[in-house]
Amino acid sequence: MIKVKNNKLKIFIRALLTILIAFVVIAVSYVAYVFIDYYRLPDRLDIDIDNGAKIEKMEVDKTYSISTYNIGFGAYDQDFSFFMDGGESSWAKSEESDRACVEGAYNYVKDELKPDFTLWQEVDTDSTRSYHINQYKILKGIFKNYDSAFVQNYDSPFLFYPFNQPHGKNKSGIVTASSVDMKSVLRRKLPVSETVSRILDLDRCYSITKIPVENGKYLSVFNIHMSAYGGSEEVRQGQIAKFTKDFKREYKAGNYVICGGDFNHDLKVQSKDENNKVYWAQYFPREELPKGFSFCIDGLSDEERENLHDTCRVADEPYEKGKTYVITVDGFIVSDNVECVSYENVDLQYKYSDHDPVYMEFKLKMSK
């Protein structure tokens, strides 16, 4: 009897060891796959433009409009909470819900704001989390009389977490659309973490779109989505240093510069001494902006700025007005040869995304 029991124990231990070894092999193989599959696109990529615009050049001293909107890959209706923010979900609740949010955001901007130029962030083209809906294709169908360009931010390895609904493999980017001919679009690579945390932050970029002006210059439109997850102080400083260097280059060439997007910084906070409520949204160091550049929001009075609707809600829980923490991370930087005529954080109560759009009217000033 003792011998039989010993044999059973040996079989159990062998089976346990086999399972443990298999688990270790699978885990090591997956980690190897993640790091092998991880890649960053090279810097200075020329991006193809999809044509549709009917206007050849911009005019000086004429009022134009521009919007920026992070659509959060169509997942963030008001009930959505995101696992990376401490919430529950990693996918949009359904394919129908994702389409409704994406189309709702696009149609609102087109029909209600009617901007001459529009910037978008977190636009998926082939992602597990958004049911492989090509959200850029939908945009092109709605903004038919615009030139547009999709610029890939990242194409991530398959993330098996959370286990009940793996975030999967996701391809996402930023989009610029213009009712005036776009002559070129350049993708610039942003610095990201070089540690293991880069798996959370993936690739990052900004785009520079050149739009011709009647005086022979260009409006250089920067579309940006700065780091949030895994973004250290070193990463933040590196990203700011890189795109502001391009600001100076464009400005020195006599061009007009507008930079819009999701800065993942608290834009209402103007000093280190002010309190930040979320760790990933530090104040944006205004002193790092080149001479001649400023945030449009800073042209408002203190009262106007504080009373602006906040452009982003924290997604650790479903949105509840007056309870969910909100913050302004989206906006525009302009060069001093661009006049900010009006500025609005549009209050949609985060109906289509965890962000709401920002809308600005502007003029290109006469050359001195």
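Residues numbered from 1 in each chain as written. Predicted model: local features only at pLDDT ≥ 70, side-chain atom pairs only at ≥ 80, totals over all residues. Heavy atoms only, no water.

Q: Quick question: what am I supposed to make of the overall build of the protein here?
A: Check the secondary structure of the protein and you find six helices and 15 strands. Taking the intrachain contacts of the protein between residues at least 6 apart in sequence as the baseline, contacts between residues at least 24 apart amount to 73%. Split by element, the accessible area of the protein, about 17400 Å² in all, is 53% carbon and sulfur. (Helix = DSSP H or I, 4+ residues; strand = E, 2+ residues; numbered from the N terminus. Contact = heavy atoms within 4.5 Å. Areas by Shrake-Rupley, 256 points an atom, 1.4 Å probe, with all protein chains shown as cover.)

Q: Before we go on, may I ask you to explain the sheet that holds strand β9 (residues 256–262) in this structure?
A: Hydrogen bonding along the main chain pairs the strands of a sheet, whether they run parallel or antiparallel. Spatial ordering of the open sheet is given by β1-β6-β7-β8-β9-β13-β10, a layout of seven strands whose pairing is mixed. Of all the strands in the sheet, the pair left with one neighbour each is β1 (45–46) and β10 (293–295). The sheet contact formed by β10 and strand β13 (residues 330–335) spans three bridges and is antiparallel. From the neighbouring strand, F295 faces β13, where its bridge partner is I333. Of the strands in this sheet, β6 (184–189), β7 (205–212), β8 (218–225), β9, β10 and β13 touch helix α5 (residues 233–252), which is tilted by about 175 degrees from β8. (Pairing = 2+ DSSP bridges. Axes fitted to C-alpha atoms, helices over the stretch in contact; angles between N-to-C directions.)

Q: Just to check I follow, could you spell out a nonpolar patch on the surface for this structure?
A: Among the surface-exposed residues, L9, F12, I13, L16, L17, L20, I21, F23, V24 and V25 lie close enough to one another that they form a single nonpolar patch of about 990 Å² accessible area. I13 sits in the partly exposed class, given a relative accessible area of 40%. (Patch = residues over 30% accessible without salt bridge, like charges linked within 9 Å, V, L, I, M, F, W, Y side chains within 5 Å. Salt bridge = Lys/Arg side-chain N within 4 Å of Asp/Glu carboxyl O. Buried < 20%, exposed > 50% of the residue type's maximum accessible area, 1.4 Å probe, protein only.)

Q: I would appreciate a short explanation of helix α2 (residues 95–113) in the present structure.
A: In an α-helix there are 3.6 residues to a turn, and that puts residues three or four apart on one side. With 19 residues, α2 ought to run about 27 Å at 1.5 Å a step, and its terminal C-alpha atoms sit 26 Å apart, in line with that. Every buried residue of α2 is accounted for by S97, D98, C101, V102, G104, A105, Y106, V109 and L113. Looking at the buried residues of α2, the elements they touch are β2 (63–70), β3 (117–124), α3 (135–142) and β15 (358–364). Backbone geometry just after α2 places K114 at a positive phi near 50 degrees. (Expected span 1.5 Å × (residues − 1).)

Q: Any chance you could explain the packing of aromatic side chains here in plain terms?
A: Any pair of aromatic rings gets described here by the distance separating the centres and the angle formed by the planes. Evaluation of the coordinates by the stated rule reveals 25 aromatic pairs. Seen from their ring centres, W120 and F143 are 6.0 Å apart, and the 65 degrees between their planes marks the pair as edge-to-face. Of this pair, W120 sits in strand β3 while F143 sits in the loop between α3 and β4 (147–155), and the two are 23 residues apart along the sequence. When the centroid spacing of 5.4 Å and the interplanar angle of 65 degrees are considered together, the rings of Y251 and F293 count as edge-to-face. Here Y251, found in helix α5, pairs with F293, found in strand β10; they are 42 residues apart in sequence, far enough to count as distant. On the basis of relative accessibility, which here comes to 29%, the residue Y251 falls in the partly exposed class. One Lys or Arg, R129, reaches over the ring of F73 and ends 4.0 Å from the middle of that ring. (Phe/Tyr/Trp six-rings, centres within 6.5 Å; stacked < 30°, edge-to-face > 60°. Lys NZ or Arg CZ within 6 Å of the ring centre and 35° of its normal.)

Q: Explain the side chain of D310 here, please?
A: Take D310: it is sitting in the loop between α6 (302–307) and β11 (312–313). When its relative accessible area of 16% is taken as the criterion, D310 is described as buried. A polar atom in the side chain of D310 sits 2.8 Å from the side chain of T328. Residues in contact with D310, not counting those within four places in the same chain, are K268, V326, I327, T328 and Y350. (Polar contact = N/O pair within 3.5 Å; in protein donor to acceptor, adjacent residues only side chain to side chain.)

Q: What exactly am I supposed to notice about the pattern of salt bridges here?
A: The full count for this structure, using the stated rule, is 18 salt bridges. We note a salt bridge from K93 to D77, for which the minimum N-O separation is 2.8 Å. With K93 in the loop between β2 and α2 and D77 in the loop between β2 and α2, this residue pair connects regions lying 16 residues apart in the sequence. With a relative accessible area of 53%, K93 lands in the exposed category. Between K210 and E250 there is a salt bridge, and its shortest N-O distance comes to 3.6 Å. A residue pair is termed long-range when its members are at least 10 positions apart, and K210 in strand β7 and E250 in helix α5 qualify at 40 residues. Comparing K210 with E250 shows no difference in burial state: the two are buried. When salt bridges that share partners are traced, they join D43, R188, K242, D246 and R249 into one network.

Q: Where do I start with the nonpolar core in this structure?
A: Here is a general trend for soluble globular proteins: nonpolar side chains tend to be buried in one another's company. In terms of nonpolar packing, the biggest core is built from 49 residues, with M58, L219 and F362 touching the most fellow members. Contacts of F362, omitting those with residues within four sequence positions, involve M58, K62, T63, Y64, S65, I66, F117, L219, I258, V338, E339 and V341. One finds Y69, V123, I133 and F143 within the second-largest nonpolar core, a separate group that totals 23 residues. (Core = buried A, V, L, I, M, F, W, Y, C linked by side-chain atoms within 4.5 Å.)

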